[in-house]
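Listed below, chain by chain, are the residues.
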Amino acid sequence: MTLLRIDDLAISFGGITALAGIDLQVEEGEIIAVIGPNGSGKTTLLNCISGVYKPDRGEIFLNGESLLGLSPDFISHCGIARTFQNLRLFLHTTVLDNLLLGRHIKFRKNPIHALLRMRKEELRHREMVEEIIDFLDLQAFRKARVIDCPFGIQKKVELGRALGLEPKLLLLDEPVSGLTMEEKEESAYRIGEIRGRFHATILLVEHDLRIASRLADRMVAFNYGQKIAEGSPEQVQKNPEVIRAYLGEE
Ligand code: ADP
Ligand code: MG
């Protein structure tokens, strides 16, 4: 079943065409990777899906319902969570509280309702956060302030915050950028485990071709806001236009 469908998506900033008529389908349960050189429109795609940008043209459907015109908050309630290339965490707050806060913001109820159900809900928040801490191997950092954690740990917390929203669709913006080789391997392994453990479909935006092809069932390549290739990771990596786009970047 198609979870996300994008038709003819276009957006420009001044004279710059960031996306030029993108069509894309994401099937439920798959890991799809969007690759491309810097500035090719990858983050802009995530910004359009999550409601941060309003496209000039085109449509975005989640389970057949249009997301256009909905606020980022509402889109998150529809089951889409994302991570940011530049992490969006509460730096002076602990790892544990960052994970809990994410859930409190998403699942807050009206005050009376909240009061009646608080105990049960709070328990559920704690359980879910513990599961994420366990999954991401963050035990040693749970009481540490995010600002005091190494970058690799901060990236994990960013992923954990998004996972805590129990998304149907998880949008990951360059989840391994800035990590050491060893951290990249570990992170890729964990991302591969998310689908089975948290039942999320994943749309991954990644500059690193090697990691993207390792994770993805299907890959799409962007260049200058256009889709230049689509297919299996092997097919896309071998595509001459993709090779040229990446070489042109150096
Ligand atoms: P990528 O994530 O693939 O590196 P982006 O989606 O961030 O690329 O950017 C695609 C193009 O759109 C770039 O030329 C970038 O400068 C431009 N762009 C993206 N967002 C904005 C914005 N808010 N204002 C102006 N230009 C933008
Ligand atoms: Mg980007």
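Located above this text is the structure these notes cover.
Let us look at the structure shown here.

Quick notes on the rules
Residues numbered from 1 in each chain as written. Chains lettered and ligands numbered in written order. Predicted model: local features only at pLDDT ≥ 70, side-chain atom pairs only at ≥ 80, totals over all residues. Heavy atoms only, no water. Near = heavy atom within 4 Å. Polar contact = N/O pair within 3.5 Å; in protein donor to acceptor, adjacent residues only side chain to side chain. Areas by Shrake-Rupley, 256 points an atom, 1.4 Å probe, with all protein chains shown as cover. Helix = DSSP H or I, 4+ residues; strand = E, 2+ residues; numbered from the N terminus. Nonpolar A, V, L, I, M, F, W, Y, C, P; charged D, E, K, R; others polar. Donors = N, O, S within 2.8 Å, 3.2 Å for Na, K, Ca; no water. Buried < 20%, exposed > 50% of the residue type's maximum accessible area, 1.4 Å probe, protein only. Pairing = 2+ DSSP bridges. Axes fitted to C-alpha atoms, helices over the stretch in contact; angles between N-to-C directions. Contact = heavy atoms within 4.5 Å. Salt bridge = Lys/Arg side-chain N within 4 Å of Asp/Glu carboxyl O. Disulfide = S-S within 2.5 Å.

### Considering the site of ligand 1
All residues in the neighbourhood of ligand 1 are listed as F13, I16, A18, P37, N38, G39, S40, G41, K42, T43, T44 and Y53. For ligand 1, an oxygen atom lies 2.8 Å from a polar atom in the side chain of T43. In the environment of ligand 1, an oxygen atom lies 2.6 Å from a nitrogen or oxygen atom belonging to the side chain of T44. Coverage of ligand 1 by the protein chains reaches 65% of its 560 Å² of free accessible surface. Counting only elements with at least two residues in the shell around ligand 1, the list comes to strand 2 (16-27) and helix 1 (42-49). Grouping the amino acids of the shell around ligand 1 by side-chain chemistry returns 5 nonpolar, 6 polar and 1 charged.

### Digging into the coordination of the magnesium ion (ligand 2)
Taken together, T43 (OG1) and Q85 (OE1) make up the full set of protein donors to the magnesium ion (ligand 2), lying 2.0 to 2.4 Å away. Taken together, the positions of T43 in helix 1 and Q85 in the loop between strand 6 (80-82) and helix 3 (95-107) put the pair 42 residues apart, joining distant regions of the chain. According to the relative accessible area criterion, T43 is partly exposed, its value standing at 26%.

### Quick look at the sheet that holds strand 3 (residues 31-35)
What the 6 strands build is an open sheet, ordered 6-7-8-3-9-10; its pairing is mixed. The strands lining the two open edges of the sheet, one partner per strand, are strand 6 and strand 10 (226-231). Looking at each pair of strands side by side, their axes are set apart by 20° on average, direction ignored. Inspection of the sheet shows strand 9 (residues 218-223) paired to strand 10 by 5 bridges, in the antiparallel sense. Paired with F222 across the bridge in strand 10 is K227. Its contacts with the sheet place helix 1 against strand 3, strand 6, strand 7 (169-173), strand 8 (201-205) and strand 9, and it is angled at close to 150° to strand 7. The strands touched by helix 5 (residues 151-163) within the sheet are strand 6 and strand 7, with strand 7 carrying the most contacts at an inclination of about 160°.

### With respect to helix 1
Among the 8 residues that make up helix 1, 7 are buried, leaving the element largely enclosed by the rest of the structure. Of all the positions in helix 1, only K42, T44, L45, L46, N47, C48 and I49 are classed as buried. Looking one or two residues past helix 1, G51 carries a phi angle of roughly 85°, positive in sign.

### Some thoughts on the pattern of salt bridges
Enumeration according to the criterion identifies 20 salt bridges in this entry. Residues E166 and R124 are paired through a salt bridge, measuring 3.1 Å at the closest nitrogen-oxygen approach. A residue pair is termed long-range when its members are at least 10 positions apart, and E166 in the loop between helix 5 and strand 7 and R124 in helix 4 (residues 111-135) qualify at 42 residues. Residue classification places E166 among the partly exposed residues on the basis of a relative accessible area of 35%.

### Comments concerning the state of the cysteines
As enumerated under the stated definition, the model contains 0 disulfides in all. The thiol of C78 is unpaired, and the distance to the nearest cysteine sulfur, on C48, comes to 16 Å.

### Things to note about the pairing of strand 1 (residues 2-13)
With 9 bridges joining them, strand 1 and strand 2 adopt antiparallel strand pairing. Across the sheet, the residue bridging to L4 is V26, located in strand 2. Between strand 1 and the antiparallel strand that follows it, strand 2, lie 2 residues; G14 among them carries a positive phi value of about 60°. The sheet contact formed by strand 1 and strand 4 (residues 57-62) spans 5 bridges and is antiparallel. Opposite D7, over in strand 4, you have E59 as the bridge partner.

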